[in-house]
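Geometric and topological summary
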Amino acid sequence: MRHSICAGLGAFLLLLGPARAADKLKVGFVYVGPVADYGYSFQHDLSRKALAEAMPDTVETTYLENVPEADSERAIEKLARSGVGLIFTTSFGFMEPTLKVARKFPAVKFEHATGYKRAANVSTYSARFYEGRYVCGKIAARLSKTGTVGYIASFPIPEVVSGINAFMLGAQSVNPNVKVKIVWVNTWFDPGKEAEAAKALLAQGADILTQHTDSAAPLQEAEKQGKLAFGQSSDQYRFAPKAQLTAIVDDWSGYVIGEAKAVRDGSWKSHDTWGGIKDGLVVLAPFTNMPADVKAMAEDTVKAIAAGTVHPFAGPVTKKDGTVAVKDGETAPDPIILGMNWYVKGIDDTLPQ
Amino acid sequence: MRLDLVPRPGRAPLAALLAPALAFLASVLLGGVAVALLGVSPAAAFAAYFIAPLSELWSLQEIAVKAAPLALIATGLAFCYRANLWNIGAEGQFVVGGLAGGCVALATQGSAGFTFWILPTMLVAGTLAGIAYAMIPAVLKVRLGVSEILTSLMLVYVAELLLDYMARGPLRDPAGYNFPQSVPFDAAARLPYLMEGETLHAGVLIAFASVVLATIVLGRTLFGFEVRVVGASPRAARFAGFSEARLTLAAFAVSGGAAGLAGIAEVAGQIGQLQPTISPGYGFTAIIVAFLGRLSPPGILVAALVIALTTIGGEGAQIDLRLPLDLTRAFQGVLLAFVLGADVLTRFTVRLVPGGAR
């Protein structure tokens, strides 16, 4: 009698649906900024939405925004404890907390963006943003009338430094005498500071701006002063329809959906992914506010990078101190790009150490 | 027409006790309205914020871990605020404490054999660094009459940038691809965990012991008496022969030391390495906690637990109900406003006086 009641109850619960809901894979995202930054976290959240749309019957998504790096362990563990089976921790500073929580929850899969430490249930992924910066450098050198480009940089980590170098190498391939002025703002997202830096650079003779920070403020400043600029992380055309030349867009959707599928069908394995234009992780927003021949050059460069015929760090690459970093006929191997802490020749700035 | 505040004759202990509870209730009701306007059931939100975190052993530990630095810093700040000294720079003292203690850990990295002295040395170094850093605004105030509000606040940014520089430069992990963080500390430089699951660490005990100690010092010692007298009546304190300068230095030393100790306890407990930021704003949140707890150490402990509870509940509400983080922050702000408002109302009656402003 008791058994049949239990069985009946079980069948009832099954009909009700919670059992089916529990069958769904829960995917959680931890963002360092607000999802409304219209930059890095915003783009990651777009991939979350794309995932929810692509697999509505098998996946359920959730996120935590504005998680401070010093306080992220609890947020990540909270997701793991809420039955989330796949967790994307999207900022470099989440690396150690991600690894620690991963040790405690061996059945949960973790994906850490831009880090370098992995475990059996922790993968890492990042994008070759420098490929997009090379294209931007070529465009800037073609369009700048003053021959000076302003660069708003966040923190002197390899990702940012390799971006500056790729931009410079792209620009030098068009005009060897081009100048890049750099302002370090020590933040990923601070519209006020970024706008101040933009003003200073424009006042110093730069007529094109590019940035490695996440807000649209520099772009808007360029728009206001009738100058040109590149968008960052996200297509920021709507903020500066007369100033944006293109934007380096992070498109994580394909990667995120692929990983969720792999977890669903049991084929997920810890790995390191570092994809670029070819893999669709780095996308350049439509080329606007430029003549047709510059646009054609930019499009050709994108195609050539995708095809592998052009590499931003193809030798010869000379460091600022005159030593050879990459020999003629070679291209820089990944470890050099991943640990880059030197400027290429021609950059008139000292790297903060 | 103007509002006058008229002091109530005598004190009503029951009202003083009930006021914060009523303020909390009013904040919850207002929060419920906001939640309903966002299209979520207030009952579900209440459960996510206040019930769920209390119903699991893990989240109880997390509440304690989150409350510990807040309680420790706020207890120190209570000494300053009681004596009408406005130390706004606990965040900087926290950071400097974490940095100094962390340097000890990194300098002794890899030492073998007898390593039991490392952790206590780190804690002492952190505390002393916090005291030294708090002495800057204190001495400037005593000697030159510089406003401690400005100097202590500005020194926060100095401390943050110093840590940022150290983590990106001299203390960076050489094998870490130039990423801005130190090597992870050795086990000998970490506060031990108190329970399985690597969450509750010994920093919680330090904070609790400090609250008990502060209660005794404030209530039962001459120093505590001086602090209270100077705060309540500076003139009376001068007549009694209390030295204002000495008290200023002492109160800043207590709050700086507490913040520095909290900083190194956080680094040695939760974080386990030095990185460009080690605080999600504990030093500033602790100001709220100090006043929510009405500047009494036991009250501060309760306030720290409430703030920790709403923070952790807020994360649960974000995950389960998609309620934004801003709601949690707004709630914490409303709670402070109501508690302070209720406090005024228990001590004063509001009278409407006809006529223009004076």
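Quick look at the structure, then.

Calculation notes
What you see as residue numbers is a count from 1 along each chain, following the sequence as written. A letter from A marks each chain and a number from 1 marks each ligand, given out in the order of writing. Given that this is a predicted model, residues contribute local features only at a pLDDT of at least 70 and side-chain atom pairs are listed and counted only at 80 or more, while totals for whole chains, interfaces and linings are drawn from all residues. One nonpolar core equals one set of buried Ala, Val, Leu, Ile, Met, Phe, Trp, Tyr and Cys residues connected by C-beta atoms within 7 Å. Exposure classification rests on a simple neighbour count of other C-beta atoms within 10 Å of a residue's own: a residue reaching 20 or more is buried, one at 12 or fewer is exposed, and one in between is partly exposed. C-beta atoms are placed from the backbone. Each helix corresponds to a stretch of at least 4 residues labelled H or I by DSSP, and each strand to a stretch of at least 2 residues labelled E; elements are numbered beginning at the N terminus. Placing a C-beta atom from the backbone of each residue, one calls two residues in contact when those atoms lie within 7 Å. Only C-alpha atoms enter the line fits that serve as axes; for helices the fit covers just the stretch in contact. Angles between N-to-C directions range over 0 to 180 degrees. Working rule for angles: under 35 degrees goes down as roughly parallel, over 145 as roughly antiparallel, 65 to 115 as roughly perpendicular, anything else as oblique. Left-handed describes a crossing whose near helix is turned anticlockwise from the far helix by less than a right angle; the clockwise case is right-handed. In this count, Pro and Cys sit with the nonpolar residues alongside Ala, Val, Leu, Ile, Met, Phe, Trp and Tyr, while Asp, Glu, Lys and Arg are called charged and the others, Gly among them, polar. The criterion for strand pairing is that DSSP finds at least two bridges linking the strands in question. Orient the strands so they point away from the viewer; a crossover is then right-handed if the path from the first strand over the helix to the second runs clockwise.

**What to know about the nonpolar core**
Ranked by internal contacts, the top residues of the largest apolar core, which has 102 residues, are Leu-70, Ala-71, Ile-73, Ala-74 and Ala-304 of chain B. When residues of this core are assigned to their parent elements, the largest contribution, 15 residues, is made by helix α3 (residues 57-82) of chain B. Setting aside chain neighbours within four positions, we find Ala-74 of chain B in contact with Ala-286, Val-289, Ala-290, Gly-293, Ile-300 and Ala-304 of chain B. Residues Val-180, Val-183, Ala-229 and Ala-298 of chain A belong to the second largest nonpolar core, which totals 98 residues.

**As for unusual backbone geometry**
Residues and elements named next belong to chain A. In the segment running from Gly-315 into Pro-316, the intervening peptide bond is cis, with an omega of 0 degrees. Following the sequence through the fold, Pro-316 ends up in the loop between α11 (292-307) and β13 (317-318). Although it is not a glycine, Asn-66 sits at a positive phi angle of roughly 55 degrees. Within the secondary structure layout, Asn-66 lies in the loop between β2 (59-64) and α4 (72-81).

**Points about the packing of helix α4 (residues 90-107) of chain B against helix α6 (residues 148-168) of chain B**
Residues and elements named next belong to chain B. Contact geometry of α4 with α6 gives a least axis separation of 7 Å together with a crossing angle of 25 degrees. Comparing their axes, α6 and α4 come out roughly parallel. Pair α4 / α6 crosses with left-handed handedness. For the pair α4 and α6, the contacting residues are Glu-91, Gly-92, Val-95, Val-96 and Leu-99 in the first and Leu-155, Val-156, Val-158, Ala-159, Glu-160, Leu-162, Leu-163 and Met-166 in the second. Grouping the amino acids of the contact of α4 with α6 by side-chain chemistry returns 10 nonpolar, one polar and two charged.

**As for the interface of chain B and chain A**
With 24 residues of chain B in contact, the opposing surface of chain A contributes 29 residues. Those elements that place two or more of their residues in the side of chain B that touches chain A are α3, α6, α10 (244-271) and α12 (297-321) of chain B. By residue class, the composition of the side of chain B that touches chain A is 10 nonpolar, nine polar and five charged.

**Quick word on the sheet that holds strand β9 (residues 228-233) of chain A**
Residues and elements named next belong to chain A. Strand order across the open sheet formed by six strands is β7-β6-β8-β9-β10-β12, with mixed pairing between neighbours. Only two strands of the sheet have a single partner each, and these edge strands are β7 (179-184) and β12 (282-284). Averaged over neighbouring strand pairs, the angle between their axes works out to 15 degrees when direction is ignored. Two elements, strand β6 (residues 148-153) and β7, share six bridges in a ladder whose sense is parallel. Residue pairing in the sheet places Ala-153 in a bridge with Trp-184 of β7. The strands that helix α7 (residues 158-174) touches are β6, β7 and β8 (208-211); relative to β6, the one it contacts most, it runs at about 170 degrees.

**Notes on the pairing of β9 of chain A**
All names here are of chain A. For β9, a buried count of six out of six residues is recorded, marking the element as mostly surrounded by other parts of the structure. Pairing analysis gives two bridges linking β8 to β9, with the strands arranged parallel. Within β9, the position partnered with Leu-209 by the bridge is Ala-229. Taken together, β8, helix α9 (residues 217-224) and β9 form a β-α-β motif whose crossover is right-handed. Pairing of β9 with strand β10 (residues 244-250) involves four bridges; the strand directions are parallel. Bridge pairing in β10 places Gly-231 opposite Ala-247.

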